[in-house]
Each structure stands twice: as structure tokens, then as C-alpha cells.
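Here are the chains, one letter per residue:
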Amino acid sequence: FFYFDKALNLAEENNNVESKKRILHNQSRLYHKIKDFTSAENNCRQALALTQANDSIKLGHLHMRLALVYKEMNNLDSSFVNIHKSKDYLINSHIYDHSDVYKLLYQLEEKKGNIKKALEYKELYEHYEKLKTNKPNPEVEQLQEKLRQTQADHISNMILMQAIHREEVQSLNHQFY
């Protein structure tokens, strides 16, 4: 988290909103993974506040993250609100997003005890899972996703390296003056 914070400070200093959104979203994922759900929620909400209304894919992914966090917090109402927002934003996205949305909707309805609705969503989830395997060239989609993630990681790493370099220069300046 130390380096995330440094990168976030650097993004703020340079008024780089895009990097700040990515860093906050990645921090949210990490907090979610270590089960610090309050921090995951806070970082995700901050990223949402920075995301423009026309960036439907990013908004959809952020609402998906919030839905997952709320599910873990057993806040089903908030989870439902966010997964439906995610579904609305991701309506024109690729099938991987649809699959994830319906999987979570299925799990939420099942957890809530709505078996009929859960089965409907499970059917849709399985439908999109089959479509994923029937894609003419899944390797291309995987490579495209890997490229997108690599580009995002590269930007975050560049910001981090700039922060480290800046600290080293400041340290040297203090030694000589």
C-alpha cells in the first residue's frame, strides 16, 4: 500500500485523473482481496466520483466491484443496486462482463432465497459462459485483455518510478545542501 499511496500522491500532484482512478480501483481490488471491505468501498467510491458519465465500461466495472464488496459485507440491498447499475452500464460490453454480472445476480438471488429468479440468472450466466467458449478466437480476446492490463500496469509503474526518482533526487539535494 505504501507504493500505491506514493503513486496516488504523484497522480494528484500532476492532476492525472485517469491514473488516480486506476490506482484507486486497483487499491479497492487489493483491499477487497484482503477483506478490508470498508477501505475497498471507500476507494471504489472515490474512483467512481472521478469517472465521467460517458465512461460506461469503467462505471460498470466500478459498480461491479462495489456489488462484490457489499455482497461480502452481507449488505444485499446495496449489492443489488450496484450490480444492476453495473448491468446497465455494461449492456454493450463484451460477453465476459455479462457473464460476471449474471453470475453475481444469480448468487445474490440465491442468497436472498429467491430460487426462481436465481435459476433464471444462472441460466443467463451459463449461456454467456458457453458463448465465451464458442468465441471464434478466444486467444485474441485474452491477448487484448492482457494488453489492456499491461498498459494500465505500465502507467501505474511509470508514476511509481517517477515518485521514487523524485524522492532520490530530493534526498541527494538534502545531502549536498
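What counts, and at which threshold
- Residues numbered from 1 in each chain as written.
- Predicted model: local features only at pLDDT ≥ 70, side-chain atom pairs only at ≥ 80, totals over all residues.
- Heavy atoms only, no water.
- 1 Å grid on protein atoms, 1.4 Å probe; cavity = no way out; pocket = protein on both sides within 12 Å on 5 of 7 lines; lining within 4 Å.
- Points joined across faces, edges and corners; volume = space filled by probe spheres on them.
- Helix = DSSP H or I, 4+ residues; strand = E, 2+ residues; numbered from the N terminus.
- Axes fitted to C-alpha atoms, helices over the stretch in contact; angles between N-to-C directions.
- Parallel < 35°, antiparallel > 145°, perpendicular 65-115°, else oblique.
- Left-handed = near helix turned anticlockwise from the far one by under 90°.
- Contact = heavy atoms within 4.5 Å.
- Nonpolar A, V, L, I, M, F, W, Y, C, P; charged D, E, K, R; others polar.

Q: Go over empty space enclosed by the protein with me, naming the residues and quoting the values.
A: Per the counting criterion, the structure on display carries one cavity of 30 Å³ or more. Taken as a whole, the largest cavity spans an internal volume of roughly 30 Å³. What lines the largest cavity is Ser86, Lys87, Leu90, His98, Val101 and Tyr102. At the level of elements, helix H5 (76-89) and helix H6 (95-112) are the ones that each hand at least two residues to the lining of the largest cavity.

Q: Let's hear about the packing of helix H4 (residues 56-72) against H6: which residues, and what values?
A: Where H4 contacts H6, the axes come no closer than 11 Å and their chain directions differ by 25 degrees. What the angle tells us is that H4 and H6 run roughly parallel. Here H4 and H6 pass one another in a crossing that is left-handed. Counted together, His61, Met64, Ala67, Leu68 and Lys71 of H4 and Asp97, Asp100, Val101, Leu104, Gln107, Leu108 and Lys111 of H6 form the full contact between these two elements. Considering only residue class, the contact of H4 with H6 consists of six nonpolar, two polar and four charged.

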